[in-house]
Structure formats: C-alpha cells, structure tokens
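So the chains spell out like this:
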Amino acid sequence: MATEINYSISQPHPDNLGVWRKIGLALVAVGLAILAFSFGSGWTDISGWYLGICLGSILTGTTMYAYGLYMWQTPGIKNDSVWMNDISNRSTWAWMIGIILTTFYILLYWFPSSIGLGTEEAGNRGFVALFDPLSLFLKGKVASQWFAYGVLYSLAIISLGFKFLLKYRHSRYHIWRTTVLMICQLFLAFLIPEILEGMNQEQAYFAKDLKFFWPLNYYFFEDWHLNAMAEGGSMGMFFLVWGIALFLIVTPILTYFLGKRWYCSWVCGCGGLAETAGDPFRHLSDKRLSAWKLERWLIHGVLVYIFVVTAVVLYGYFTNQSQIFGIDIYTWFRKPYGFLIGAAFSGVIGVGFYPLLGSRVWCRFGCPLAAYMGIFQRFKSRFRITTNGGQCISCGNCSTYCEQGIDVRWYAQRGQNIVRSSCVGCGVCSSVCPRGVLKLENGPEQDRINEKPILIGRDDVRLL
Amino acid sequence: MHVVIIGNGIAGITCARTLRKHHSDCSITVISSESQHFYSRTALMYIYMGHMKYEHTKPYEDWFWEKNRIDLCFDHVVSIPFENKSLQLRSGLEISYDKLVIATGSVPNRFDWPGQEAEGVISLYGLQDLELLEKYSTDTKRAVIAGGGLIGIELAEMLRTRNIEVTYLVREPHFWANILPQEEGQMINKHIRLDHHIDLQLNAELKQIFSDSKGRVEAIETLSGEKIPCQLVGLTVGVRPNVDFLRNSEIEIDKGIMVNEFLETNIPDVYACGDCVQHIKPPVGRKAVEQVWYTGRMMGECLGETLSGKRTAYVPGVWFNSAKFFDIEYQTYGDVPAQCTSEQSDFYWQHPSKNAALHFVYGKESGVIKGINSFGIRLRHAVLEQWIKEHKTVEYVLIHFEDAWFEPEFHKNYIHEIISEFNHKTGSGLKANKKSWHRILSNIKKATYGH
C-alpha cells in the first residue's frame, strides 16, 4: 500500500509485487534466458539439466507468480486494469510478444534449420538440441523441431493453466474444464503419442493424438498418412477407424448433447492454448457486426476448401493419380492448403497475433472443425446460453470478454438465449456477468431459440 | 410526426428504439449533453477499474442510430417553451416537436454539508463524474465515502482497485439498511471490512468537509466529532429526479415530473419516463418514484408503444432488482422488506463459510411466498416471477427450488442443506423434487407471454 502522495501521471499507487511474484518472475526469466540463449548457441549433445532447469523454472515461476497475484485477493472476477496494462491493451509489450511469437512460428514452419534442426549427417544444434535429451528419453530418437514445439506448447498450457485455475478458483466450471484441458494436452497430445512413436520406431509416422482429427488434422486423408496407418498394424487401423468415427459419429452426437464446447473448451489443443496462455488477451477479439460477417465467410470458406482439397486428395489416392483434370494435386491442392491454412493461418496468425487480435482468431475465423461443429450447434443441439429474464443491465462485460467476439449483450439485453455457431462455451461471459444473467446449459431443443423475445418485468405487454 | 426525446439513458433510448420498431415513418431525435451515444451507466465503475473502456459500454455500434433513423443531438436543453412546442438548446438552436419525451434521469443528492463545494468532493452518476474521479484519484491516498447504498459500495470497490484507502460512513447500523434485512446487511458488512479492508464506520454521519488553502479537500468531520484526513470525498446519498430546469414552467412537478399511468404529463403531447418521473397513482405495491435501470427500461418500452399509436399503461410486474457488492452477487424478487410485518414470516439460510444466503418472506397464515433475496446464488427470474405471481407457498417453492437454481454448471447446489434447515426450524418434512425442464419452460412461457 502506497502511503505517500505520488504526482506521477501513471498509476500512482502501484501494487507491491510481493515476494512470491518477484521470485516467480526471476524464475521465469531464468527459463526464458536459457531458451533465448539456445537459439544463438552452437549447443550439440547438451545435458538434460539445461532443459530440466528451463522447463522447471518456467513452470514453478509462473505458478508462483500467479499464486502471489491471485491468492492475496478474494475469489472472484480479476479484470482490474485489463485495459490499462500495456501487455493486455495492445501496447509495447503486446507488440514485442506478437513479433517474437510470429518470428518463432515463421522459423519453425519454414526455416527449421535456422533454429537448429539437424540433418542425417549433422545432429541437432542450439534450440532443437536443447530438447534432445527429453526426446531420447521418451522415444529413443533425437528431437525434431515439432518435438521441441510440442514441449513448449504443453508447458504453456500447463503453467498458464495453473494461473487460470487460481484466477477462476471460485468457479467449478472453469476448474473442471481447465483441468481436463491440461490433462488432454499433457497426455493425449504430447506424452502418449511420443511414447507410442518410440515404441513403434520402424513404422512410418502417423498422428497418434486421440483427439486430433479431420478436418482440423488436414493431412489425415493424404496418401502418405493413409498408407502409414494402413501399414501401422492394429494400432494404425485403430487410429484410421477412430479418426473417421470421431468425425462422423462422435462429434455430431456430443455436439448435439453438449454443444461444441465439449471439444473447443474442454479437449482441443488450440483451444487449450487459447484458454490458458491466451486468457490475458481474450478481450481483444473484434465485436463489430462487420467482424461477424467476415467470420462467417472465412470459416465456412475454409470448411469448403478442406472438403474440396480432401475430395481431390482421395480421388488421387483411390485412382492412383497425381493429377486431376491435368492439374497437379500436390502443387495446387495439398501444398497451398498446408501453407495457407495449416501453417500461416492456424500458427502464425492464430497464435502469433494473440496479443493483438485476441486468443481465438484461428478458432473463430479459420478452424474447419469448429465450423463443422458450429453448424450442429446452431441448428441441432441442446446447448444454449440462457438469458435470465429481464436482469441484464447492458454493462457489456459479457461481450467484452467473449474471446469469440460474440456480442453477447445484444441477446442478453433483449431477453434472448444465445445460440451461435461460433460459441465455444468457455463460460467466461457467464462468469463476468455482475447480475447473474447468463447460464451455459444443455436442455430441451424446444424453445431453445426464442426469435421474438420479450423482456420479463411488465404485466401490460402480452402480445404475439 | 417528430418525436423529440430529452435524455439518452436507458429510458429515453428504449423509448426511441421501441417507437422505431413499431412505427417506421416518424422522425426521432434524441438530445443529450452527457454523451454522443447511448452508454450503459451501470458500467461506469468498470471503466474506472479498467475492465472495459468507454466504447465497450455502448450497447449499440455507432452506425446503429443512423441505420435506425434515430437522430442524435449532442446538446443541452436550456428551456422548453411548451406553448410553441419547441426546445431551446445551449448552442442557440431551437428544435420543434410534435411529441416530447422527457427522460432526463436523475442527479445525485447533496444535503448542504458545509464544505461540499470543495475540490475533491464528487458524486458518481455520469461520465463527467468519472472524469473528475480520475483526476482526483492520482493524488488521493485516503477517500471518505458517505452513504450506505449501491453507489457508495461501488465507489468503494472502484477506489480499492487503485489502492486508495477508503473510509466508508454508513448512517445505519448495517449496510443498505432501508432495503436489506439485518442478516444480509451484516454479511455485507463483514465482506466490506474483512475481505476488502475498508474502514467501514456504522452509525456514522458526515458533519462537514474541510479544505486546504487551494480549496482541495483535506479532511472531514463526522457527527461524533472524529476528524478524518482525506483527499477525496464521495457523496453517495441517493439521487433525485433531474427536473430543476423545468421547475418554473407549467409542467407539473413534485419530486419528479407528475405522470399518469400512460406516462403522460399535464401538458398535451408531453410525456416523461425513467428516473425523472413521479407516478400520480403508483402501481399497486410500488413507490411513486422508482429509480432503477429496470424501471427506466420498462417505462421507456411502454411509452414507445404508446407513441407508436397503441396507448399502453405502465404496469410493472413482480418487483425485481440486482446488484453486486464486491464479490457477492445479489438478486431480489418480489417483496422482501428490511423488517417483516406482523403478517409475514421469514426463513433465512446462510452458508456456514461461503458468502451465500437466501431469505424467503411469506405470509404468516397462508404460507404464500412474497419475496426472495438471494446472495451469491443466481436464480431464474422467470421461475421466481411465476411463483410469486401464482401465490405459491414457501413449501412449494422450497421443494421445487432446483427449478430456480441458475448457478453455473458443476457449481454445488445447497438445496438439501436449505430444506433440512427449514425442516429443522419449522418441524416440516419437506423433500426436494428433481429439476423439471417441463416446469421451467412452462414458467418461462407464462412469464414472457402470459400463457
């Protein structure tokens, strides 16, 4: 607590960081310094201690920081100063982080050797080499750039997931959802696939993440992937059948009963990063009507695009041809989709631009799986966000903190339930509502959408 | 037809929007000197706390008004020569109207405390107050707030987010004592003091305000003689209708502009709605001056229908309101008086450790539910409204309470604890019924469409 009058222009009574946050920041700095140093270093064959200290200090540091930040406050909504802080208000730090993340993605996707990916003859160096010991431990192979990325991705979800858990510790919905997200990332997306990979070294690679399926996994039906699964023995067959069943059967059923949130806010890796690392940026999503229009064109465009690409790829696979109507399938279908959507949209823009465009740009504007589930959610589902009668005061917290850019208030203030294809069911609108107006729930389809809402409160209007 | 609306708050804007929805030809002008566009006054605190920026508090995008042909006029009405059916604006402009709606809202009360004109004395009502507060916050280390109501506690919460020490003077023995029963008031007292570290002084009143040589507040004195040094004083002792600029005109005013049930004033083609209104014949069980967001919105809606040609009386339904006291959400439905009358009984339940409580008030003889206060527990408006309207008994309400439960998924529901405590207190043997979507939906339908 500041006791002296301070005549500076900025916040005159800054928080005292306290010992937890100071130590936490120092630890995070140690971890980040190791990472930063690894890029320029010529490290080869480096001891596992470096990675251990790096990951351990980041994980402990963020958790300690979050503990110091939130546990000295009462449980409840923690949005003080969100629009005043540099980092969460698109200012200097936000741009710096955006640029660093974007650069990292560009190097990762298109210049992996620059971050140390080795060749057959020469082993990994620098950044990628830092992850060799863990990779060797898990699967008996040196790391690829994707392994390194997977480790950092999981670290981000786990460490910032703890932060999110402390921030929303008053809400059991968020506690459950975030815990499941963290477990899904650590085990389903990272550990199990890597271990399975190590146990089947002789097999060609195919995706072994139980929750990663077409069309989000756009290469699922590509010839090399189909062949790898077909030749992958019973496990390969299992992943082939499971992948198709997830798309055709499991997803429609679960989306009918629960809304697309079962995936986007509970299971998905992209969603997992958005909900944890992306949480400080959720309010940056564009709420304008024009953004909604753009969203519908883009996301359904991508959905059509992947259907076309996949149809062509399957045509090529089953007819054993590399061309369709004289056009090369790889050059004109597979490659552009992988470049434009798979890498540039979902990675570079989707995550790199977190601090500028908000955390769900990919999920909202690009993800074809989200588009597919969105169609069910809008037209055939039991999920809705119920608006509580006439209690809305139009304050705008719900719309502001909707990471999907839904103007929740538009519905709430006219007494209408929110049934929108893009809603990922994160539940934050309901949490930040100061008047208890919003509730995510699954219920009968009947009366789910009230097209002509009337606000409760007056006895004189009973028209319609 | 040219309809002019003075005031772009929730009442005036709802009136304009409702009118436009039902009537496509008339021209509509909304005049305000507070802001260019409609914003949600209830969100002022969130701007100061950094949860939102001003732009986020605007419920409609700026293009909305032109698209709906609602002309916005950023100006101040100086006087209304009713005989000419025109308005004099500060800019010198004169606007004529066919129908006039006065929706000027309210202004904060000030009770002539010595020194209240000093620099650093603020109220909290509009954007201009927020600007002042922002200005004074930079060099304030302690603030004193006088007035134990909704705005006072909001102001306290706001100041604490800037690490400003707060002394909160409440005249009554507990917070918001003219509305809240003692049990709830004490729970909030505790929350204010222990959880949010505010120097809450009960039974304490402001006597005078002292300022330094530059005219800035430097201390206050309470009635008991205690002198508290401070750099900011928040006066949050209620609001009154903003009608002073019409005091010497022919429009009939008491506390507010006098209106009949159709929100018509004594002057033909002149109407009023929202906070600035006083009902000549208040609706049954309601006050003549009701100044909350919801009544403003409902009056605006009602008047919009009248102006579109369907003369509609203002008949508010079951009373409801809501607020948030720091971390504790509050909802109320029906009639929960600060003290039960002799014909009423009550049942109060409070969670042993969490900030959650429910207060049921019902007829002593009949057992018919009159009202419910809820703290830290969200309830379904439509279900509560129907139960109260249909005179359900407290037993019916309790055994069907899961229908009304509106807490987020996975949250604990305390229905069994509540019912067993009721059984224990009254010797009844109630058992909870399972939630029924069928009952919920039928209540929503009835509450919304009346059938």
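Preceding this paragraph is the structure being described.
Note that the coordinates shown come from a computational prediction; the quantities given were computed from them, not determined experimentally. (Residues numbered from 1 in each chain as written. Chains lettered and ligands numbered in written order. Predicted model: local features only at pLDDT ≥ 70, side-chain atom pairs only at ≥ 80, totals over all residues. Heavy atoms only, no water.)

**Q** Help me get a handle on the overall build of chain A, residues and values and all.
**A** Looking only at helices and strands, one finds 19 helices and 4 strands in chain A. Compactness check: chain A gives a C-alpha radius of gyration of 24 Å against a globular reference of 23 Å for 464 residues, within 12% of the reference. In terms of principal-axis extent, the alpha carbons of chain A reach across some 80 × 65 × 35 Å. Here chain A holds 464 residues, and 57% of them are scored as buried. Taking the intrachain contacts of chain A between residues at least 6 apart in sequence as the baseline, contacts between residues at least 24 apart amount to 73%. Summed over its atoms, the accessible surface of chain A is roughly 19500 Å², and 69% of this surface lies on carbon and sulfur atoms. Where the 38 positive side-chain charges of chain A centre and where its 28 negative ones centre are 9 Å apart. (Helix = DSSP H or I, 4+ residues; strand = E, 2+ residues; numbered from the N terminus. Rg over C-alpha atoms; globule rule 2.2 N^0.38 Å. Buried < 20%, exposed > 50% of the residue type's maximum accessible area, 1.4 Å probe, protein only. Contact = heavy atoms within 4.5 Å. Areas by Shrake-Rupley, 256 points an atom, 1.4 Å probe, with all protein chains shown as cover. Lys, Arg positive; Asp, Glu negative; His and termini not counted. Charge placed at Lys NZ, Arg CZ, Asp CG, Glu CD.)

**Q** Kindly report on the packing of helix α8 (residues 381-389) of chain B against helix α12 (residues 437-449) of chain B, identifying the contributing residues and their values.
**A** All names here are of chain B. One can describe the packing of α8 onto α12 by two numbers: an axis separation of 8 Å at closest approach and a directional angle of 75°. In terms of orientation, α8 and α12 fall into the roughly perpendicular class. On α12, the residues that touch A382, V383, E385, Q386 and W387 of α8 are I440, N443, I444, K446 and A447. Classifying every residue of the contact of α8 with α12 gives 6 nonpolar, 2 polar and 2 charged. (Axes fitted to C-alpha atoms, helices over the stretch in contact; angles between N-to-C directions. Parallel < 35°, antiparallel > 145°, perpendicular 65-115°, else oblique. Nonpolar A, V, L, I, M, F, W, Y, C, P; charged D, E, K, R; others polar.)

**Q** An account of the pairing of strand β2 (residues 27-32) of chain B is needed here, citing residue identities and associated values.
**A** Residues and elements named next belong to chain B. Within β2, 5 of the 6 residues are buried, which leaves the element mostly enclosed by the surrounding structure. Crossover strand β1 (residues 2-6) to β2 through helix α1 (residues 10-22) is right-handed. Where β2 meets strand β3 (residues 70-74), 5 bridges bridge the pair, whose relative direction is parallel. Among the inter-strand pairings, S32 is bridged to a residue of β3, identified as F74. (Right-handed = clockwise from strand over helix to strand, strands pointing away. Pairing = 2+ DSSP bridges.)

**Q** Summarise the sheet that holds β3(B); cite the residues concerned and give the values.
**A** Hydrogen bonds between backbone groups are what pair the strands of a sheet, and the pairing can be parallel or antiparallel. Residues and elements named next belong to chain B. Here we have 5 strands laid out as an open sheet, ordered β3-β2-β1-β7-β19, and parallel in their pairing. Because the sheet does not close on itself, it has two edges, and the strands there are β3 and β19 (270-272). For this sheet, the mean inter-axis angle between neighbouring strands, taken without regard to orientation, is 20°. Most of the contacts of α1 go to β2, to which it runs at about 170°, and overall it touches β1, β2, β3 and β7 (99-102). Sheet contacts for helix α7 (residues 293-307): β1, β7 and β19; angle to β19, the most-contacted strand, approximately 160°.

**Q** Give me the lowdown on the pairing of strand β4 (residues 438-442) of chain A, citing residues and values where you can.
**A** Residues and elements named next belong to chain A. Within β4, 4 of the 5 residues are buried, leaving the element largely enclosed by the surrounding structure. Here 5 bridges tie strand β3 (residues 383-387) to β4, and the two strands are oriented antiparallel to one another. Bridge pairing links R384 to E441 in β4.

**Q** How would you sum up the environment of M187(B)? Please name residues and give values.
**A** Residue and element names in this part refer to chain B. Mapped onto the elements of the fold, M187 is located in helix α6 (residues 182-195). Under the relative-accessibility criterion, M187 is labelled buried at 4%. C-alpha of M187 to C-alpha of R90: the two residues are 97 residues apart in sequence and 48 Å apart in space. The residues touching M187, leaving out its near neighbours within four places in the chain, are I328, Y348, Q350, N355, A356, A357 and F375.

**Q** How would you explain unusual backbone geometry if you had to name every residue and give the values?
**A** The omega torsion of the bond from W214(A) to P215(A) falls at 10°, within 30 degrees of zero and hence cis. With respect to the secondary-structure elements, P215(A) resides in the loop between α7 (172-199) and α8 (223-230). Residues other than glycine seldom take positive phi values, yet N163(B) does so here, at roughly 60°. As for its placement among the helices and strands, N163(B) is situated in the loop between α5 (150-160) and β11 (165-170). Even without a glycine there, the phi angle at D269(B) is positive, about 65°. Looking at where D269(B) falls in the secondary structure, it is placed in the loop between β18 (257-259) and β19.

**Q** Run through the pattern of salt bridges, naming residues and quoting values.
**A** Any two side chains of opposite charge can pair, so long as their charged atoms come close to each other. In the structure shown here, the tally under the stated rule is 39 salt bridges over all chains. Measuring nitrogen to oxygen at the nearest pair gives 3.3 Å for the salt bridge that ties K211(A) to D209(A). Both residues of the pair, K211(A) and D209(A), count as buried. Across the salt bridge formed by K425(B) and E421(B), the nearest N and O atoms sit 3.5 Å from each other. Within this pair, K425(B) and its partner E421(B) are both found in helix α11 (residues 415-426), separated by 4 residues, close to a single helical turn. You can call K425(B) exposed: its relative accessible area is 53%. On the basis of relative accessible area, E421(B) is assigned to the partly exposed category, the value being 27%. The structure contains a network of salt bridges with shared partners spanning K167(A), R177(A), E275(A), D279(A), R282(A), R360(A) and E403(A). (Salt bridge = Lys/Arg side-chain N within 4 Å of Asp/Glu carboxyl O.)

**Q** So what about the sheet that holds strand β15 (residues 227-229) of chain B? Which residues, and what values?
**A** Residues and elements named next belong to chain B. The strand order across the open sheet formed by 3 strands is β13-β14-β15, and the pairing between neighbours is antiparallel. The sheet terminates laterally at β13 (206-211) and β15, the two strands that pair on one side only. Across the sheet, the mean angle separating the axes of adjacent strands is 25° when strand polarity is ignored. Looking at chain direction, strand β14 (residues 217-222) and β15 are connected through 3 bridges and run antiparallel. Bridged to I220 within β15 is I228.

**Q** Can you explain the packing of helix α5 (residues 132-139) of chain A against α7(A)? Please cite residues and give values.
**A** Residues and elements named next belong to chain A. Axis separation between α5 and α7 bottoms out at 7 Å; the angle between their running directions is 65°. Between α5 and α7, the interaxial angle falls into the category roughly perpendicular. Residues L134, L138 and K139 of α5 form the contact with α7, whose participating residues are F190, L191, E194, I195, E197 and G198. A per-class count over the contact of α5 with α7 returns 5 nonpolar, 1 polar and 3 charged.

**Q** Outline the packing of aromatic side chains, listing residues and values.
**A** Applying the stated criterion across every chain yields a total of 68 aromatic pairs over all chains. Ring geometry for Y317(A) against F318(A): centres 5.1 Å apart, planes inclined by 80°, an arrangement best described as edge-to-face. Classification of Y317(A) as partly exposed rests on a relative accessible area of 26%. Within the aromatic cluster, the residues linked to one another by ring pairs are F39(A), F104(A), Y105(A), Y109(A), W110(A), F127(A), F131(A), W146(A), Y149(A), Y153(A) and F339(A). Over the aromatic face of F206(A) sits the side chain of K208(A), whose NZ or CZ is 4.0 Å from the ring centroid. Geometry around Y396(B) places K392(B) over its ring, the cationic atom sitting 4.6 Å from the centre. (Phe/Tyr/Trp six-rings, centres within 6.5 Å; stacked < 30°, edge-to-face > 60°. Lys NZ or Arg CZ within 6 Å of the ring centre and 35° of its normal.)

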